[in-house]
Amino acid sequence: MGVVVKLRILGAVAAVLLGGSLVAGCTSSGDGGSADHALVEIGTARTEIDGLLDGTTKAVSPSLKYADDAFQARAHEDGVSREADGSAQLTRRRYVLTKVAKGNQAKLLDKVREYWKAQGYSITESASTFEAGARTKDGVGITVSIGAPGNVTISANAWVKDPKSEQPFGAAPSPLPTKADGTVDTMPKFDDPEWSR
C-alpha cells in the first residue's frame, strides 16, 4: 500500500472520528439541550424558579423593590441540524428597581453568594466581576447581573420539555414599568438610604 493511500485512509478515519465527536459535542456542550441537561417537569421548574428568585431577593437586606417579567420559554435547537430537539429553556427575569450605587454592587453580589452557599447550591464561575451565579442539585440555575448603567437583573432558568409556547404561563404578574412612549423601562428608579448611596 502506497504512502498516499495510507495517508488518505488515516485522514478518512480521523475525519470520521472527529466528525462523530463534533456531532456528539454539539448536542451536549455549551448551553445544550436535553442531551446535556436533565429536563425538569415544567410545573416543578416554575415552582423552583420562583423559589430561587424569592429566596435570593429575600436574602438581600434592606429589601429591594423589583418587577417580574413573564416566564419565557426558548426552544433549543440541535447545533448541527438547527432543528428543535424537544427541549426548551424556561426563564424568568426579576428586574431590581432599587438603585444600587457602584460602591454597593460587590456587597450585593456577596450577599447572594453567601445565601446560595448556605442553601447548598453550586456557585458557578463567571469571568465578569459584575455577575454571580449558582445552580441547584436539580440543575435549576440563577444569575444576578449588573449592567453598565447600574441596572440589576436576577434571572433563573431550567431546562424543560418544549411547551410550544413562548409564554407558557401567560403575561407578567403585573405590568412592567414603561416609559412615556409605552416601551418597557426596567432601569432602577427608587432610592434606598443604604443601597443607593
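Just so you know, these numbers come straight off a predicted model, no measurement behind them.

How each quantity is defined
Numbering of residues begins from 1 in every chain and follows the order in which that chain's sequence is written. Since the coordinates come from a predicted model, pLDDT governs what is reported: local features require at least 70, and pairs of side-chain atoms require 80 or more to be given and counted, while whole-chain, interface and lining totals use all residues. As a rule here, side-chain values cover all heavy atoms of the structure and leave hydrogens and water aside. Each helix is a run of H or I in the DSSP string that is no shorter than four residues. Each strand is a run of E no shorter than two, and both are numbered from the N terminus. Should any heavy atoms of two residues lie within 4.5 Å, those residues are counted as being in contact. What makes a salt bridge here is a side-chain nitrogen of Lys or Arg within 4 Å of a carboxyl oxygen of Asp or Glu, nothing more. Each residue is assigned to one of three classes by its accessible area relative to the maximum for its type, calculated with a 1.4 Å probe on protein chains only: buried under 20%, partly exposed between the two thresholds, exposed over 50%. Between any two strands, at least two bridges found by DSSP are needed for them to pair. Stacked, tilted and edge-to-face are the three classes applied to pairs of Phe, Tyr and Trp rings, where Trp contributes its six-membered ring and a pair requires centres within 6.5 Å; stacked means planes under 30 degrees apart, edge-to-face means over 60, and tilted covers the rest. In this scheme, the term charge over a ring applies when either NZ of a lysine or CZ of an arginine sits within 6 Å of the ring centre and within 35 degrees of the ring normal.

Caption draft 1: Examining the environment of leucine 176 more closely. With respect to the helices, strands and loops of the structure, leucine 176 is situated in the segment after strand 7 (152–161). Note: C-alpha distance between leucine 176 and aspartate 68 (108 residues apart in sequence) is 7.3 Å. For leucine 176, the residues in contact, after removing those within four places along its chain, are Ala67, Asp68, Asp69, Tyr95 and Val184.

Caption draft 2: Seen up close, the pattern of salt bridges. Evaluated as defined, the whole model comprises eight salt bridges. A salt bridge links arginine 92 to aspartate 50, with the shortest nitrogen-to-oxygen separation between them at 2.9 Å. Of this pair, arginine 92 sits in strand 3 (residues 84–96) while aspartate 50 sits in helix 2 (residues 42–58), and the two are 42 residues apart along the sequence. By relative accessible area, arginine 92 is classed as buried at 9%.

Caption draft 3: Seen up close, unusual backbone geometry. For the bond from serine 61 to proline 62, the omega torsion is -5°, close enough to zero to count as cis. Residue position: proline 62 is located in the loop between helix 2 and strand 1 (66–68). One non-glycine residue, lysine 164, adopts positive backbone phi at about 60°. You can see lysine 164 is positioned in the segment after strand 7. Residue lysine 164 is classed as exposed on the basis of its relative accessible area, which comes to 69%.

Caption draft 4: View of the pairing of strand 6 (residues 141–146). The pairing of strand 5 (residues 131–135) with strand 6 spans five bridges and is antiparallel. Residue alanine 132 lies in a different strand from strand 6, and its bridge partner there is valine 144. Hairpin connection between strand 5 and strand 6: a loop of five residues separates the two successive antiparallel strands, and glycine 139 in this loop has a positive phi of roughly 90°. Bridge count between strand 6 and strand 7: six bridges; the pairing is antiparallel. Within strand 7, the position partnered with valine 144 by the bridge is isoleucine 154. In this antiparallel pair of consecutive strands, strand 6 and strand 7, the connection spans five residues, and glycine 150 shows a positive phi of 100°.

Caption draft 5: Looking closely at the packing of aromatic side chains. Considering all chains together, one arrives at one aromatic pair under this definition. Measuring from centroid to centroid gives 5.3 Å for phenylalanine 71 and phenylalanine 169, while their planes differ by 75°, and the two rings are edge-to-face. Of this pair, phenylalanine 71 sits in the loop between strand 1 and strand 2 (72–77) while phenylalanine 169 sits in the segment after strand 7, and the two are 98 residues apart along the sequence. Sitting over the ring of tryptophan 195, lysine 107 keeps its end group 5.0 Å from the ring centre.

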